[in-house]
Amino acid sequence: MTTNISNPAEKFEQWQINTEQEQFISINTLECHTGGEPLRIITSGFPKLKGDSILAKRRDCQENYDDLRTALMFEPRGHADMYGAIITEAEKADSHFGAIFIHNEGYSTMCGHAVIALTKCAVESGVVAQTGEVTSVVIDVPCGQIFAKAFAKGNIVTHVTFNCVPSFVPVLNQQINVAGIGELNYDIAFGGAFYAYVQAKPLGLSLEPNQHEKLIDYGRRIKAAVMEATPIVHPLEEDLSFLYGVIFIDESPNEGIHSRNVCIFADGELDRSPTGSGVSGRIALHVAKGEVALNEEINIESILGSQFNVKAIEKVNYAGVDAIIPQVTGDAFISGKAQWLINLNDPLKNGFILR
């Protein structure tokens, strides 16, 4: 005969790790989203990364701890579109901390949605002491130093603005034939990472959630074709010299919005946000084409309708290349705190992905 248990949920909550019989790695995270795009901030439990620069620390992670990346990004703890940030010590004397960005394929060079969430969390948690209504936060990331500002009402950060790294346009008005799609036009711009920019409408694409599978398929095909046809070279860093994703552009169905972005990056990840580094590259593209003036703000929305505001605030010469400094504004929300357990006896401990 079965005996009813009073408060069964509380009993489950009392589960404890049995360290005598099993070995676990325990990693704590703060869960956020920016415009719908997730960010898993690793707060403790990850091994200390070695190196005197963010790029060196990133290489150490790639070479020695990539199994922890997959364990945290892949199923069953994550999913095919999960995104994360590993917090490190600052590289530069005037920075507050560093961040390494991780996803389903590996490691990215820049992430605007992550910068927005990290800035909010840094101020609200006290990592960076709040200085009234506006607090400056400086973060070292793989593509360089990012200067952000958190705007608060009381002790709640309502929105974040950051200046991206110098952004530029190495490839304009190119054509390519993509298997299964046909002839298309593309540009390439750098906004902390390199993207190929493609108009959606000529391809018969609609930037709506019900088209997500087709967008991922087309994004993968176009990325592979452009990578094969076009060398990607960063003027200073070999580690940054790769095509990160494809951004589809279309008109917005909403009044007062300049346009809509959908970014397919890494191994077929679809960005739920407008993509911070992507809109940085886009504003460089618009300025290069004479479509948007310096300091002219435009609002770009995501597949979900979430928005980033972006403008080019300055023209600069970057390693002999004409570039601009983009300024991006958005907001983020904290969605949870978690303790993730990796059982060393689990045959699926390093994770898996089924899409």
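Residues numbered from 1 in each chain as written. Predicted model: local features only at pLDDT ≥ 70, side-chain atom pairs only at ≥ 80, totals over all residues. Heavy atoms only, no water.

You'll find the protein chain entered in an unreviewed UniProt entry as trans-L-3-hydroxyproline dehydratase, with Litorilituus lipolyticus given as the organism. Note on the protein chain: under the UniProt heading Catalytic activity (unreviewed entry), the record states "trans-3-hydroxy-L-proline = 1-pyrroline-2-carboxylate + H2O". (UniProt positions renumbered as here; feature names shortened; annotations may be inferred.)

Asks: What am I meant to see in the overall build of the protein chain here?
Replies: A tally of helices and strands in the protein chain yields six helices and 18 strands. Taken against the 2.2 N^0.38 rule, which gives 20 Å for 355 residues, the C-alpha radius of gyration of the protein chain at 21 Å falls within 12% of a compact globule. Each principal axis of the C-alpha distribution contributes one length, and for the protein chain these read about 75 × 50 × 40 Å. When burial is assessed residue by residue, the protein chain has 54% of its 355 residues classed as buried. Summarising the internal contacts of the protein chain: among those between residues at least 6 apart in sequence, 63% fall at separations of at least 24. Of the charged side chains in the protein chain, 27 are positive and 43 negative, and the gap between their average positions amounts to 1 Å. (Helix = DSSP H or I, 4+ residues; strand = E, 2+ residues; numbered from the N terminus. Rg over C-alpha atoms; globule rule 2.2 N^0.38 Å. Buried < 20%, exposed > 50% of the residue type's maximum accessible area, 1.4 Å probe, protein only. Contact = heavy atoms within 4.5 Å. Lys, Arg positive; Asp, Glu negative; His and termini not counted. Charge placed at Lys NZ, Arg CZ, Asp CG, Glu CD.)

Asks: Just checking my understanding: could you explain the domain arrangement of the protein chain for this structure?
Replies: Interfaces are often described in size by the accessible area the parts lose on coming together. For the protein chain, the assigned domains are domain 1 (22-163 + 334-343) and domain 2 (167-329). If you look at the interface, domain 1 gives 28 residues, while domain 2 gives 30 residues. Where domain 1 abuts domain 2, roughly 2100 Å² becomes buried across the two surfaces, and 53% of that area is made up of carbon and sulfur atoms. Where domain 1 meets domain 2, there are three salt bridges. The salt bridge partner of Arg-59 is Asp-239, with a shortest N-O separation of 2.6 Å. Here domain 1 is connected to domain 2 by 12 residue pairs in polar contact (both at pLDDT 80 or more). (Domains from an automatic or database assignment. Buried area = accessible area lost by both parts, 1.4 Å probe. Salt bridge = Lys/Arg side-chain N within 4 Å of Asp/Glu carboxyl O. Polar contact = N/O pair within 3.5 Å; in protein donor to acceptor, adjacent residues only side chain to side chain.)

Asks: Before we go on, may I ask you to explain the pattern of salt bridges in this structure?
Replies: Once their charged atoms are close, side chains differing in charge can pair, the charge on each being opposite to the other. Summed over all chains, the structure comprises 16 salt bridges. For Glu-124, the salt bridge is made with Lys-120, and the minimal N-O distance between the two is 2.9 Å. Here Glu-124 pairs with Lys-120, and both are found in helix H4 (residues 112-125), just four residues apart, close to one helical turn. Classification of Lys-120 as buried rests on a relative accessible area of 7%. With its nearest N and O atoms 3.6 Å apart, the salt bridge here joins Arg-260 to Glu-208. A residue pair is termed long-range when its members are at least 10 positions apart, and Arg-260 in strand E13 (residues 259-265) and Glu-208 in the loop between strand E11 (194-199) and helix H5 (212-229) qualify at 52 residues. Assessed through its relative accessible area of 4%, Arg-260 is described here as buried. What makes Glu-208 partly exposed here is its relative accessible area of 29%.

Asks: What's the story with the nonpolar core in this structure? I'm lost.
Replies: Where a protein is soluble and globular, its nonpolar side chains tend to be buried together. Formed by 90 residues in total, the largest nonpolar core has its most connected members in Phe-101, Ile-222 and Phe-248. No other element matches the eight residues that H4 contributes to this core. Counting residues domain by domain, this core receives three or more from each of domain 1 (22-163 + 334-343) and domain 2 (167-329). If you look at the next biggest cluster of nonpolar residues, it comprises 19 residues, including Leu-49, Leu-68, Ile-102 and Trp-340. (Core = buried A, V, L, I, M, F, W, Y, C linked by side-chain atoms within 4.5 Å.)

Asks: Help me understand the pairing of strand E10 (residues 182-190), please; the structure alone is not making it clear to me.
Replies: For a regular strand, side chains alternate in direction, first toward one face of the sheet and then toward the other. Of all the nine residues making up E10, seven are buried; the element is thus mostly covered by neighbouring parts of the structure. As judged from the seven bridges shared by strand E9 (residues 168-178) and E10, these two strands associate in the antiparallel manner. In the sheet register, Val-178 faces E10, and the bridge partner there is Gly-182. The hairpin formed by E9 and E10 contains three residues between the paired strands, and Gly-180 there has a positive phi angle of roughly 80 degrees. Sheet topology note: the E10/E11 ladder contains four bridges and is antiparallel. (Pairing = 2+ DSSP bridges.)

Asks: Before we go on, may I ask you to explain H5 in this structure?
Replies: Owing to its 3.6 residues per turn, the α-helix brings residues three or four apart onto one side. Relative to the 26 Å expected for 18 residues at 1.5 Å per residue, H5 spans 26 Å between its end C-alpha atoms, a close match to the ideal helical length. The complete set of buried residues in H5 reads Leu-215, Ile-216, Tyr-218, Gly-219, Ile-222, Lys-223, Ala-225 and Val-226. (Expected span 1.5 Å × (residues − 1).)

Asks: Honestly, the pairing of strand E3 (residues 84-88) in this entry has me stumped. Any pointers?
Replies: Burial runs high along E3: four of the five residues are buried. In terms of strand pairing, strand E2 (residues 37-44) meets E3 through three bridges, oriented parallel. Opposite Arg-40, over in E3, you have Gly-84 as the bridge partner. Bridge analysis of E3 against strand E4 (residues 97-102) gives five bridges, and the strand direction is antiparallel. Paired with Ala-85 across the strands is Phe-101, a residue of E4.

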